[in-house]
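Next come the chains, spelled out residue by residue.
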Amino acid sequence: MLRRERAPKAIILPNNERPTMKAIRIHQSGDPSVMKLEDVPDPTPAAGQVLIIVHAIGVNPVDTYIRGGIYGQRDLPYTPGFDAAGVVEAAGTGVKHFKAGDRVYIAGSVSGAYAQKALCLEHQAHPLPKHISLAQGAALGVPYATAYRAMFISGKAKPAETVLVHGASGGVGTAAVQLARAAGLVVFGTAGTEQGRKLVAEQGAHHVLDHHDPDYLKRLMDLTGGAGVDLILEMLANVNLGKDLTILAKFGRVVVIGSRGPVEIDARNTMGRDADIRGMTLMNADEKELRSIHAALIAGLENRTLNPIIGKEMPLAEAPRAHEEVMKSGAYGKIVLVP
Ligand code: NAP
């Protein structure tokens, strides 16, 4: 006979007995030392939320701008970070696509990614193909979605076009080279170190240049037979935008992904080319667009044309050092924190 079970009474523990986890907390904006590893209460998923046990966290330059208080004001204190990968611990009511035990990557988080556990909305979680490691999963959210949106949505890249990934050795750049190569573009990529250039070539760039070589843009023009490139994905517009406009093909587009200061351009260089300069921030992508971007990325992971590169893994407690490293030159794929 079926017996109606009484719902168990919720046991509410006093604050000092609640289970805790480690998380990086920021109580005031400032240099990397403002990030402290602290004990905080374990999060629980509300309706529509997914709780994951975090195995790896992606460190993005934007995390440093927010920490420093120069971009995207946050209520203090907070746990930083958008990108992570791990295993679902629990799903809140109404969650349809995830259950405990699923391997996922998250692109965005409600509670912050720099922690042992993280809450996200259901649409911020994505299934991670089996052959992709959890560290690689942490490299997907901001870098791959940015590269995809810049190349195909803002930049309107088409097969057989030429693309210059200006800064191809880091998180966004390696993703862009892989995406462009898989889509049938002719790919030029730059890096500032020997090791970085080797990495860019391994990701599929047809031509690799050194952005510190005084003659590299002349070489690029020679390699395109004097025509210039159809599309430039620009990681450091404050240094390069003026020069970019001189190496664009007719009807060419520059998509500004990164810029760390003002820059002077000669607007005359846009005229004869009918050139476009397009700013782009991933933050402007809505839920529908993000769903479409991540569907494309997962397809690329599944067919093995996309394969995130992890340059360094560091313990979560070393988040301050990771923030210093991600702002240094000599990029090599992605820096990942391990809780
Ligand atoms: P990252 O991993 O630190 O990589 C930085 C890249 O910039 C490296 O390839 C680096 O090459 C390159 N670089 C350095 N000096 C350069 C120069 N003079 N010319 C061309 N490239 C140069 O950073 P990331 O995650 O790839 O992000 C790249 C930029 O995009 C950052 O500024 C970031 O803030 C921005 N971003 C914007 C969005 C958005 O939504 N708009 C999203 C993500 C990232 P070497 O180290 O080999 O010299």
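Everything quoted here is computed from the prediction, not taken from an experiment. The residue numbers shown here count from 1 along each chain, following its written sequence. Confidence filtering applies because this is a predicted model: local features only for residues at pLDDT of at least 70, side-chain atom pairs given and counted only at 80 or more, and all residues used for totals across whole chains, interfaces and linings. Only hydrogens and water are set aside; all other atoms, that is, all heavy atoms of the structure, feed into the side-chain values.

Caption draft 1: View of the overall build of the chain. Scanning the chain from N- to C-terminus turns up 10 helices and 15 strands. Taken against the 2.2 N^0.38 rule, which gives 20 Å for 339 residues, the C-alpha radius of gyration of the chain at 22 Å falls within 12% of a compact globule. The principal-axis extent of the C-alpha atoms belonging to the chain is close to 80 × 45 × 35 Å. Only protein chains enter the accessibility calculation, which uses a 1.4 Å probe. A residue is then buried if its area is under 20% of the maximum for its type, exposed if over 50%, and partly exposed in between. Taking all 339 residues of the chain together, 50% fall into the buried category. Contacts: residue pairs with any heavy atoms within 4.5 Å of one another. Taking the intrachain contacts of the chain between residues at least 6 apart in sequence as the baseline, contacts between residues at least 24 apart amount to 64%. Using a 1.4 Å probe, the Shrake-Rupley method yields the accessible areas, and only the shown protein chains count as cover for residues. For the chain, the accessible surface area stands at approximately 16400 Å², while carbon and sulfur atoms represent 53% of it. A run of DSSP states H or I qualifies as a helix once it reaches four residues; a run of E qualifies as a strand once it reaches two. Both are numbered from the N-terminal end. Put simply, the radius of gyration uses C-alpha atoms, and a globule should come to 2.2 Å times the residue count raised to 0.38.

Caption draft 2: Structural detail: the site of the ligand. Around the ligand there are 28 residues in total, and Tyr65, Ser169, His211, Leu282 and Gly330 lie nearest to it. Val172 is positioned with one of its backbone polar atoms (N or O) 2.9 Å from an oxygen atom of the ligand. In this structure, Ala331 approaches the ligand through a main-chain N or O atom, which is 2.8 Å from an oxygen atom. Within the complex, 89% of the 920 Å² of free accessible area of the ligand lies under protein. In this text, near means that some heavy atom of the residue lies within 4 Å of the molecule or strand in question. Under the rule applied, a polar contact is a pair of N or O atoms within 3.5 Å (in protein, one hydrogen donor and one hydrogen acceptor; residues adjacent in sequence only if both atoms are side-chain atoms).

Caption draft 3: Focus on the environment of Ala201. Secondary-structure assignment places Ala201 in helix α5 (residues 194–202). Through-space distance from the C-alpha of Ala201 to that of Arg103 is 31 Å; in sequence the pair is 98 residues apart.

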